[in-house]
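Residue-level listing of the chains:
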Amino acid sequence: MPDDVALSADERAELERLRAEVADLRSQVAAAPDVVAPTAVAPPPRPRRQRWRSVVATLLIVIACIMAPLAGVAVWSKNLITNTDRYVTTVAPLARDPAIQAAVSDKITAEIFANLDVTGLTNEAVDALATRGLPPRVATGLHALSEPLSDGVQSFVRTEVGKVVASDAFADAWVTANRSAHTALVAALTGQTGQGITIANGTVSINLGPFIQVVKQRLVDRGFELANRIPDINPSFTVLQSDAITKAQGAFSLLTAIGNWSPVVVLVLLALGIYVAKDHRRALIGAGLGLAGGMLALGIGILVLRALYLDTRPAGVLTYEAAAAFYDTLVRFLRLGLRTVLIFGLVIALAGFFTGRSVTAVRARAGLSRGIAWLRGGAEKAGFRTGPVGAWVYSYKRVLRIAVIAIAALVLVFWDQPTGKVIIGITLAVLVALVIIEFLGRPPSPAAPEPPEAETAAATPEVSDAPPTASVAVASSQAHDTSEADVRS
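The following refers to the structure shown. (Residues numbered from 1 in each chain as written. Predicted model: local features only at pLDDT ≥ 70, side-chain atom pairs only at ≥ 80, totals over all residues. Heavy atoms only, no water.)

**Thoughts on the packing of helix 5 (residues 98–114) against helix 12 (residues 209–221)**
Thought 1: In the contact formed by helix 5 and helix 12, the axes pass within 11 Å of each other and the chain directions differ by 70 degrees. One way to sum up the angle between helix 5 and helix 12 is to call them roughly perpendicular. Of helix 12, the residues touching helix 5 (which contributes Ile108, Glu111 and Ile112) are Phe211, Ile212 and Val215.
Thought 2: Residue composition of the contact of helix 5 with helix 12, grouped by class: 5 nonpolar, no polar and 1 charged. (Axes fitted to C-alpha atoms, helices over the stretch in contact; angles between N-to-C directions. Helix = DSSP H or I, 4+ residues; strand = E, 2+ residues; numbered from the N terminus. Parallel < 35°, antiparallel > 145°, perpendicular 65-115°, else oblique. Contact = heavy atoms within 4.5 Å. Nonpolar A, V, L, I, M, F, W, Y, C, P; charged D, E, K, R; others polar.)

Shown next as structure tokens:
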């Protein structure tokens, strides 16, 4: 007997309903789009390395680093010429330097006694007394004392000259004379002559006439009337003597012409080199190290020129110590500037390195993050809470970092004559500000989800996370299995 005859009317109706439902579900499955397993998307092929960018970037950075020492010399030279206050500030310490004071005192004393023959005057006085009846024996004794008397007078004058040179009056006179002769001080490089300083036959010298007048008046005031016999003389104090001065004038003219534009050109070339480079961070590190290397080369050049100057110092005029003091005083602002740029370059290179992907940089940043997290955890255990401020700092962390670095850059740009200490101080301030930002920044706490109401849970059918097509297939399979079970029964 067929299975259909054994079914009752109700069972047959149920079977037909299930078959209709299965057919409907199967039609839905057939109409649904096929689900294709996601396939891994192959990354786009890497473009061919653009070697021209690396070559151009390297060339720009190298040219800028070579120009950096020349730019430093140009700015120093231009300031020394055009800025009277800077010039006076440069040469003013020479009046207080013991080696310069000793050299000036010796020069002034020698010039005075070159025009004041104490020994001759003493012998003339003795001869005059002999003609008036002075015994020959006494006259002979006085003639023998003329040399010791001259030495004593010379020692007295040298002491008085030393007091004048070491006094505030000499320092003031030195500053006044140099201020009035500012445009003539650089005659060794510009080839010009002026009041107070002259250049001739490769020799730079300072006029000591005004200082001798001060010494003459002081000796007269001390009762040394013989000083009135000192004529009005204008001896020169030679500070530089070299056959290369004329050649240096041409080089200095070139440096003066580019003036303050040279640092701008250097910065533009560095910026272009970093921008063109494929790896900006690596280019930044190279630019920083290049600047530091250029300043190191400039420092070596200054030392070499110092040795050459001391070897060619005027014989019998400047002692080794006086010549060294003169050179070191004249170039001290140049040395200060190169140290500043050297430290700036090293700071830039270190910043680029520690923000990179190297193992050392990653470990350093991880260690710093762990340290900040440890401090934050200790503060939170002690009851410190940042609240909405921490959430705000966390949301705008990137903006705050950029703002800190921008403010530091503006401070450095507008700082009048920054030094290496200033750059180190600004760098430390930036690091402290960044640490504070990391310490305060806390992600906002997620809100706890509200439990669903009973009515809503009862009324809302359970939603599966499976895709719609999968749900339809499962329902169809279940209905088909139920249909087959009923048929068997």
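Now that the structure has been shown, we can carry on.
**Overview of the environment of Gly390**
Thought 1: Following the sequence through the fold, Gly390 ends up in helix 19 (residues 387–395).
Thought 2: Put simply, Gly390 and Glu438 are 48 residues apart on the chain and 9.5 Å apart in space, counted from C-alpha to C-alpha.
Thought 3: Those residues in contact with Gly390, other than ones at most four positions away along the chain, are Leu440, Gly441 and Arg442.

**Quick word on a nonpolar patch on the surface**
Thought 1: A contiguous nonpolar patch, built from Trp261, Val264, Val265, Val268 and Leu272 and spanning about 460 Å² of accessible area, is present on the exposed surface.
Thought 2: The partly exposed category is assigned to Val268, whose relative accessible area is 42%. (Patch = residues over 30% accessible without salt bridge, like charges linked within 9 Å, V, L, I, M, F, W, Y side chains within 5 Å. Areas by Shrake-Rupley, 256 points an atom, 1.4 Å probe, with all protein chains shown as cover. Salt bridge = Lys/Arg side-chain N within 4 Å of Asp/Glu carboxyl O. Buried < 20%, exposed > 50% of the residue type's maximum accessible area, 1.4 Å probe, protein only.)

**What about the side chain of Thr109?**
Thought 1: With respect to the helices, strands and loops of the structure, Thr109 is situated in helix 5.
Thought 2: A distance of 2.8 Å separates the side chain of Thr109 from the backbone oxygen of Ser105, its partner in a polar contact.
Thought 3: With sequence-adjacent residues up to four places away left out, Thr109 is seen in contact with Gln154, Arg158 and Val161. (Polar contact = N/O pair within 3.5 Å; in protein donor to acceptor, adjacent residues only side chain to side chain.)

**Regarding the packing of aromatic side chains**
Thought 1: With the rule as written, the count across this model stands at 5 aromatic pairs.
Thought 2: Arranged with centres 5.8 Å apart and planes meeting at 25 degrees, the rings of Tyr309 and Tyr327 form a pair that is stacked. Of this pair, Tyr309 sits in helix 15 (residues 280–311) while Tyr327 is found in helix 16 (residues 320–330), placing the two residues 18 residues apart along the sequence.
Thought 3: On the basis of relative accessible area, Tyr309 is assigned to the buried category, the value being 6%.
Thought 4: Plain terms: the ring middles of Phe353 and Phe354 are 5.1 Å apart, the flat faces sit at 80 degrees to each other, and that makes the pair edge-to-face.
Thought 5: One aromatic cluster is present, formed by Tyr309, Phe326 and Tyr327 through successive ring pairs.
Thought 6: When the ring centre of Phe333 is taken as origin, the NZ or CZ atom of Arg86, which lies over that ring, is 4.7 Å away. (Phe/Tyr/Trp six-rings, centres within 6.5 Å; stacked < 30°, edge-to-face > 60°. Lys NZ or Arg CZ within 6 Å of the ring centre and 35° of its normal.)

**A closer look at the pattern of salt bridges**
Thought 1: Evaluated as defined, the whole model comprises 7 salt bridges.
Thought 2: Notably, a salt bridge pairs Asp168 with Arg96, separated by 2.8 Å at the nearest N-O pair. In this pair, Asp168 sits in helix 9 (residues 168–180) while Arg96 sits in the loop between helix 4 (84–91) and helix 5, placing the two residues 72 residues apart along the sequence.
Thought 3: For Asp279, the salt bridge goes to Arg282, with nearest N and O atoms at 3.8 Å.
Thought 4: Salt bridges sharing common partners tie together Arg306, Asp328 and Arg335.

**Things to note about helix 19**
Thought 1: Of all the positions in helix 19, only Gly390, Ala391 and Val393 are classed as buried. All buried residues of helix 19 lie within an arc of 165 degrees about the axis, which places them on one face of the element. Turned more than 90 degrees away from the buried face of helix 19, the exposed residues are Pro388 and Ser395.
Thought 2: Among the structural elements, helix 20 (397–414) and helix 21 (420–440) are those in contact with the buried residues of helix 19. (Arc of directions from axis to C-beta.)

**Quick look at the nonpolar core**
Thought 1: Ranked by size, the top nonpolar core spans 65 residues in total, and within it Ile108, Ile112, Val157 and Leu270 carry the most contacts.
Thought 2: The leading source of residues in this core is helix 3 (residues 51–82), at 10 residues.
Thought 3: Not counting residues up to four positions away in its chain, the partners in contact with Ile108 are Val161, Leu208, Phe211, Ile212 and Val215.
Thought 4: Of all hydrophobic cores here, the second largest spans 7 residues; its members include Val393, Val404, Val430 and Ile437. (Core = buried A, V, L, I, M, F, W, Y, C linked by side-chain atoms within 4.5 Å.)

**What about the packing of helix 17 (residues 332–354) against helix 21?**
Thought 1: Between helix 17 and helix 21, the shortest axis-to-axis distance is 8 Å and the interhelical angle comes to 25 degrees. Considering their axes alone, helix 17 and helix 21 lie roughly parallel with respect to each other. Every residue of helix 21 that contacts helix 17 at Thr340, Ile343, Phe344 and Val347 is listed here: Gly420, Ile423, Ile424 and Thr427.
Thought 2: Class assignment for the residues of the contact of helix 17 with helix 21 results in 5 nonpolar, 3 polar and no charged.

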